[in-house]
Amino acid sequence: MNTELNVRTQQPTGAFVFASWVALLVGALTYMAGLWNAEMALNEKGYYFTLLLYGLFAAVSLQKSVRDKAEGIPVTGLYMGLCWLSVGLVMLLLGVGLWNATLAMSEKGFYGMAFCLALFSAIAVQQNIRDLAPYKKAEAMSKLDDSGAEA
């Protein structure tokens, strides 16, 4: 009996791909617009901007690592641990930064929600890109076959 996990992906719909990209852009751009208009020191703005970039990278890296492992692609425990640690650290650093910030509660909520939307949608975008890759490759191969048959 074969106990190996057979992972099959379904092609994401165009609507889901579009919604994922829109959510990523809305989350990241509103977060950055809030920073642009915030009345805080430039080093504070840099802190929050760096957290956004680090968070997006960490979330995408974690999603890719989890997906690789599920598909049987080797992922070292060290790298997987670093991905989890990075996501945890960025969430902790954002929480500590907002907790200690001299911002109104509504502003703190705004940054927290925009940050979470950006991270979640970055994961969805990465998943869509990965799920669409085999379909795009098959489409490109069929075009090559068609052009080769005509020649």
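Quantities reported herein were computed from a predicted structural model and do not represent experimental measurements.

Bringing the overall build of the protein chain into the picture now. Across its full length, the protein chain carries four helices and zero strands. In the protein chain, the succession of helices and strands from N to C terminus is α-α-α-α. The C-alpha radius of gyration of the protein chain comes to 20 Å, more than 25% above the 15 Å expected for a compact globule of 151 residues. The C-alpha extent of the protein chain, read off along each of the three principal axes, is 65 × 40 × 20 Å. The burial tally for the protein chain puts 34% of its 151 residues in the buried class. Residue pairs in contact within the protein chain that sit at least 24 positions apart in sequence constitute 75% of those at least 6 positions apart. For the protein chain, the computed accessible surface area is about 10,100 Å², with 69% contributed by carbon and sulfur atoms. Separation between the mean location of the 10 positive side-chain charges and that of the 11 negative ones in the protein chain comes to 5 Å.

Counting 23 residues, the largest nonpolar core has Tyr 31, Tyr 48, Tyr 111 and Phe 115 as the members making the most contacts within it. No other element matches helix H4 (residues 105-150), which puts seven residues into this core. Residue contacts for Tyr 111: discarding those within four places in its chain leaves Tyr 31, Gly 34, Leu 35, Ala 38, Met 40, Leu 98 and Leu 103. Ala 58, Leu 62, Cys 83 and Val 87 belong to the second-largest nonpolar core, a separate cluster that totals five residues.

Our focus in this paragraph is the side chain of Ser 121. Secondary-structure assignment places Ser 121 in helix H4. Assessed through its relative accessible area of 1%, Ser 121 is described here as buried. Reaching out from Ser 121, the side chain makes a polar contact with the backbone oxygen of Ala 118 at a distance of 3.1 Å.

Moving on, we get to the pattern of salt bridges. Side chains carrying opposite charge are able to pair once their charged atoms draw close together. Throughout the structure, instances matching the rule amount to five salt bridges. For Arg 67, the salt bridge is made with Asp 131, and the minimal N-O distance between the two is 2.2 Å. Residue Arg 67 is found in helix H2 (residues 42-70), and its partner Asp 131 is found in helix H4; the two are separated by 64 residues along the sequence. Of the charged contacts, one joins Arg 130 and Asp 68 as a salt bridge, the two residues approaching to 2.5 Å between their closest N and O atoms. In this pair, Arg 130 is assigned in helix H4 and Asp 68 in helix H2, connecting sequence segments 62 residues apart. Judged by its relative accessible area of 16%, Arg 130 is buried. On the basis of relative accessibility, which here comes to 8%, the residue Asp 68 falls in the buried class.

Reading the values: rules and limits
Residues numbered from 1 in each chain as written. Predicted model: local features only at pLDDT ≥ 70, side-chain atom pairs only at ≥ 80, totals over all residues. Heavy atoms only, no water. Helix = DSSP H or I, 4+ residues; strand = E, 2+ residues; numbered from the N terminus. Rg over C-alpha atoms; globule rule 2.2 N^0.38 Å. Buried < 20%, exposed > 50% of the residue type's maximum accessible area, 1.4 Å probe, protein only. Contact = heavy atoms within 4.5 Å. Areas by Shrake-Rupley, 256 points an atom, 1.4 Å probe, with all protein chains shown as cover. Lys, Arg positive; Asp, Glu negative; His and termini not counted. Charge placed at Lys NZ, Arg CZ, Asp CG, Glu CD. Core = buried A, V, L, I, M, F, W, Y, C linked by side-chain atoms within 4.5 Å. Polar contact = N/O pair within 3.5 Å; in protein donor to acceptor, adjacent residues only side chain to side chain. Salt bridge = Lys/Arg side-chain N within 4 Å of Asp/Glu carboxyl O.

That is the geometry; function is a separate question.
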